[in-house]
Amino acid sequence: MRPDHFPDPFVDAQLDHCGPVGLAEGERILLWMLRQWVTARVLGEEPGARLSNKAGGLVSPRVAAAFILMMTAIEGQVRRPLCISAPCCGGYADDEQRLITACGVCPASPEIAGRLIEGLVVTPETVTVMARFLNTALANDGKALPMRFDEPERPVQPIRRPTFH
């Protein structure tokens, strides 16, 4: 990746413009921190120190520390480069979705969380423990993650039958 495609990731933190519509606040915060982490790496910066200062101002220091621990665990055992979108991208890359969904489901089902991230890291159990800690930290801040086990339900449209006169 070329560094000129990534603006300074810590100027004007805009959580509202990060990711697709419909994310919960906790999911949007995680997505923003994940993208800032990767952008800092692309720019040759140390993401932990910068994130602890910036994210610590947006969320509690506990959430920032939990996220840094999880990313450090991921980087220490990553199987392949992660597919992460640019900071203000409206989409959601597969690896982003896997990590954020794993953080949301891990309290209810560590097995599902492990399966979501097993293709990303060597030992998913370690990352699952960190994801659970991060989930708890977010919940303590009032930014609980939803447990998305499957596709969102689509509203059922009533069937309109022709009226005979």
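Notes on the overall build of the chain
- Helix and strand counts for the chain stand at six helices and zero strands.
- When each of the 165 residues of the chain is scored for burial, the buried share is 41%.
- Taking the intrachain contacts of the chain between residues at least 6 apart in sequence as the baseline, contacts between residues at least 24 apart amount to 66%.
- For the chain, the exposed surface amounts to about 9,400 Å²; the carbon and sulfur share of it is 55%.

Looking at the side chain of lysine 143
- Mapped onto the elements, lysine 143 comes out in the segment after helix H6 (124-140).
- Buried charge without a salt bridge: lysine 143, with glutamate 25 as the nearest opposite-charge side chain at an N-O distance of 4.1 Å.
- If near-sequence neighbours (up to four positions away) are discounted, lysine 143 is found in contact with Glu25, Gly26, Ile29, Val59 and Leu138.

Digging into the nonpolar core
- In terms of nonpolar packing, the biggest core is built from 39 residues, with Leu30, Met33, Phe67, Met70 and Leu134 touching the most fellow members.
- Of all the secondary-structure elements, those providing two or more residues to this core are helix H1 (25-42), helix H2 (47-58), helix H3 (61-77), helix H4 (94-105), helix H5 (110-117) and H6.
- The element that contributes the greatest number of residues to this core is H3, accounting for nine residues.
- Leucine 134 has contacts with Leu30, Val63, Ala66, Phe67, Met70 and Cys103, leaving out every residue within four places of it along the chain.

Observations concerning H4
- The end-to-end C-alpha distance of H4 is 16 Å, a good match for the 16 Å that twelve residues give at a rise of 1.5 Å each.
- For H4, the tally of buried residues reaches nine of twelve residues, placing the bulk of the element in the interior.
- Turning to H4, its buried residues number three or more, namely Asp95, Glu96, Leu99, Ile100, Thr101, Ala102, Cys103, Gly104 and Val105.
- Residues of H4 that are buried make contact with H1, H3, H5 and H6.

A short note on the environment of methionine 71
- Checked against the element boundaries, methionine 71 lands in helix H3.
- Classification of methionine 71 by relative accessible area gives buried; the value is 1%.
- If we skip the residues at most four places from it in the chain, methionine 71 touches Leu34 and Trp37.

Structural notes on the pattern of salt bridges
- One pass over the structure, following the stated rule, counts four salt bridges.
- Close ionic contact of arginine 41 with glutamate 46 constitutes a salt bridge, the shortest N to O distance being 3.6 Å.
- You can call arginine 41 partly exposed: its relative accessible area is 36%.
- Glutamate 75 is paired through a salt bridge with arginine 41; the nearest N and O atoms lie 2.8 Å apart. One end of the pair, glutamate 75, is in helix H3; the other, arginine 41, is in helix H1, and 34 residues separate them in sequence.
- Taken together, the shared-partner salt bridges connect Arg41, Glu46 and Glu75 into one network.

Conventions adopted
- Residues numbered from 1 in each chain as written.
- Predicted model: local features only at pLDDT ≥ 70, side-chain atom pairs only at ≥ 80, totals over all residues.
- Heavy atoms only, no water.
- Helix = DSSP H or I, 4+ residues; strand = E, 2+ residues; numbered from the N terminus.
- Buried < 20%, exposed > 50% of the residue type's maximum accessible area, 1.4 Å probe, protein only.
- Contact = heavy atoms within 4.5 Å.
- Areas by Shrake-Rupley, 256 points an atom, 1.4 Å probe, with all protein chains shown as cover.
- Lys, Arg positive; Asp, Glu negative; His and termini not counted.
- Salt bridge = Lys/Arg side-chain N within 4 Å of Asp/Glu carboxyl O.
- Core = buried A, V, L, I, M, F, W, Y, C linked by side-chain atoms within 4.5 Å.
- Expected span 1.5 Å × (residues − 1).

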